[in-house]
Amino acid sequence: MIDFELTPEQQEGIKAAHEAVKELFRPVSRYYDEHEHESPQELIDQLWKRRSEGIFNMGMDVTSALRIEELCWGDAGLFLCIPGPGLGGAAVFASGTKEQLQRFLGGFNEGGPKWGAMSMTESGCGSDTSAITATAVRDGAEWVLNGEKIFVTWGKRAVENPGGLVAVWATVDKSAGRAGMKAFVVPAGTPGMRVEKLEKKLGIKASDTATIVFDNCRIPFENILGSPEVKMVDKSETKGFKGAMATFDATRPIVAAMAIGVGRAALDFVKETLENEGIKIRYGAPRQKLTALERDIIEMEANYKAAKLLTLRALWMMSQFQPNSLESSMAKAKAGLAVTKITQKAVEIMGPLGYSRKYLLEKWMRDAKINDIFEGTGQINMLIVARRILNYSRDQLK
Ligand SMILES: Cc1cc2nc3c(=O)[nH]c(=O)nc-3n(C[C@H](O)[C@H](O)[C@H](O)COP(=O)(O)OP(=O)(O)OC[C@H]3O[C@@H](n4cnc5c(N)ncnc54)[C@H](O)[C@@H]3O)c2cc1C
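Cut-offs and rules
Residues numbered from 1 in each chain as written. Predicted model: local features only at pLDDT ≥ 70, side-chain atom pairs only at ≥ 80, totals over all residues. Heavy atoms only, no water. Near = heavy atom within 4 Å. Polar contact = N/O pair within 3.5 Å; in protein donor to acceptor, adjacent residues only side chain to side chain. Areas by Shrake-Rupley, 256 points an atom, 1.4 Å probe, with all protein chains shown as cover. Helix = DSSP H or I, 4+ residues; strand = E, 2+ residues; numbered from the N terminus. Nonpolar A, V, L, I, M, F, W, Y, C, P; charged D, E, K, R; others polar. Core = buried A, V, L, I, M, F, W, Y, C linked by side-chain atoms within 4.5 Å. Buried < 20%, exposed > 50% of the residue type's maximum accessible area, 1.4 Å probe, protein only. Contact = heavy atoms within 4.5 Å. Salt bridge = Lys/Arg side-chain N within 4 Å of Asp/Glu carboxyl O. Pairing = 2+ DSSP bridges.

### Remarks on the site of the ligand
Then comes step 1: Taken together, 21 residues form the shell around the ligand, and within it Thr121, Ser127, Phe151, Thr153 and Thr377 come nearest.
Then comes step 2: Between the ligand and Met120, the relevant distance is 2.8 Å, taken from an oxygen atom to a main-chain nitrogen or oxygen of the residue.
Then comes step 3: For the ligand, whose accessible area on its own is 970 Å², the fraction buried by protein is 66%.
Then comes step 4: Secondary-structure elements contributing two or more residues to the shell around the ligand are β1 (116–119), β3 (142–153) and α15 (378–390).
Then comes step 5: A per-class count over the shell around the ligand returns 10 nonpolar, 8 polar and 3 charged.

### Observations concerning the nonpolar core
Then comes step 1: In terms of nonpolar packing, the biggest core is built from 109 residues, with Phe25, Phe79, Leu145, Trp169, Phe184 and Phe214 touching the most fellow members.
Then comes step 2: The element that contributes the greatest number of residues to this core is helix α10 (residues 239–276), accounting for 17 residues.

### Digging into the environment of Asn109
Then comes step 1: Residue position: Asn109 is located in the loop between α7 (98–105) and β1.
Then comes step 2: Here Asn109 falls in the exposed class, since its relative accessible area comes to 53%.
Then comes step 3: With 24 residues separating them along the chain, Asn109 and Pro85 place their C-alpha atoms 9.3 Å apart.
Then comes step 4: When near neighbours in sequence (up to four residues on either side) are disregarded, Asn109 contacts Trp48 and Arg51.

### Observations regarding the pattern of salt bridges
Then comes step 1: Taken as a whole and judged by the stated rule, the model has 27 salt bridges.
Then comes step 2: Arg366 is the partner of Asp33 in a salt bridge, and the nearest nitrogen-oxygen pair spans 2.8 Å. Residue Asp33 is found in helix α2 (residues 26–34), and its partner Arg366 is found in helix α14 (residues 361–368); the two are separated by 333 residues along the sequence. Summarising the burial analysis for this pair, Asp33 and Arg366 share the class buried.
Then comes step 3: The shortest N-O distance in the salt bridge between Arg264 and Glu70 comes to 2.8 Å. Separated by 194 residues along the polypeptide, Arg264 in helix α10 and Glu70 in helix α4 (residues 62–74) bring together distant segments of the chain. Glu70 carries the same exposure label as Arg264, and that label is buried.
Then comes step 4: Where salt bridges share partners, they join Arg30, Asp33, Glu34, Arg357, Glu362 and Arg366 into one cluster.

### Quick notes on unusual backbone geometry
Then comes step 1: Of note in this structure, Trp154 is not a glycine but carries a positive phi near 65°.
Then comes step 2: Tracing the sequence through the fold places Trp154 in the loop between β3 and α8 (155–160).
Then comes step 3: You can call Trp154 buried: its relative accessible area is 3%.
Then comes step 4: If you check the backbone angles, Asn391 has positive phi at about 65° while not being a glycine.
Then comes step 5: With respect to the element layout, Asn391 can be found in the segment after α15.
Then comes step 6: Residue Asn391 is classed as exposed on the basis of its relative accessible area of 67%.

### A look at the pairing of strand β2 (residues 135–139)
Then comes step 1: Both β2 and β3 contribute to a ladder of 5 bridges, which runs antiparallel. Note that in β3 the partner of Ala136 across the bridge is Leu145.
Then comes step 2: Count of turn residues in the β2/β3 antiparallel hairpin: 2 residues, of which Gly140 carries a positive phi of about 65°.

Have a look at this one:
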């Protein structure tokens, strides 16, 4: 039975995360929004020192989602600066063997700050993941990777900090389509892997988003995710492609949790401002008696809560080892749309206060949109939901 009554530990975790970001993120939020590509080094060092507290860990369960909401209530861009295995780690979790988990992630908490990135997208391949052109060619005991990956979150940090890693999807056989797709782990500092450029973005400017080039980049044969023997003979829908989809099942609700945090930041700001002006929302009042403003606020809250419940359900199902592709995509599609609408409405309600750089609301509106783009756009997640509900295959509903 699903029960989202929070345990005392979860409540403590939420409170600790809330207090931490109020102190650490909010005061520097505007600075790093205005200084794109400047690394918040002092903050990163503090986050790394405090890693054993567990407040800043990513995680992929209900408790983590509740914490991530708070962290992104603080600042979604700075949340994406927190050191850790990140999306690269999620790919290893979804597709790796026990030995690979230990080898690639076992030492992540040791030494200095490090990051894990996941690189799937190319200039001609984003929504259509099967269009990958990066190649992996076997040469004896090694793979040789070639290709260019764009829009890689944590890209620069993962490539340049010792101990980091990049999980990269490449094809071992272009003619095989999805069946040729495999995932590989490239450790930071591997010759042949380099950052080509950093994106300038609309929002989440503190997050580094890189183009990574693989130029005859050699990695050990064992760095193909999953069991190499199985991978080489599996010509069906492949563990590589399935691994990519399994990664998304885990990461989409996390992006949804990020979205919810940004949405709540905007909602809290509007409600606090109205309250300070003596305007109360009459929640129980009959619909025909509500003002337009009250209806707007109630609709924003309903969207926020619906997105949150879908997100918690998707993660709860994952923790029960239940297939959650449908629920993950539902949560991501709803949360991406909800946060876009909530933040835009918040700016609209606040008028010039919402548009002014004096407050963070305009920034949250810019930060919001990415949640409707990465880890599958809103349209793609809706498509997945429709396929699952109608029982259509990928080829029957495109
Ligand atoms: C800041 C940022 C960070 C990112 N981080 C990462 C990362 O860490 N790793 C990574 O691999 N990628 C990352 N991405 C890439 C992101 O996941 C892709 O941009 C996204 O999946 C969309 O793919 P695309 O760019 O090819 O767009 P396209 O697929 O070209 O989509 C363009 C538009 O067409 C719509 N569309 C496409 N196909 C369909 C369809 N069949 N039906 C209806 N509508 C459709 C899309 O919804 C979208 O609105 C990041 C992107 C950004 C902007």
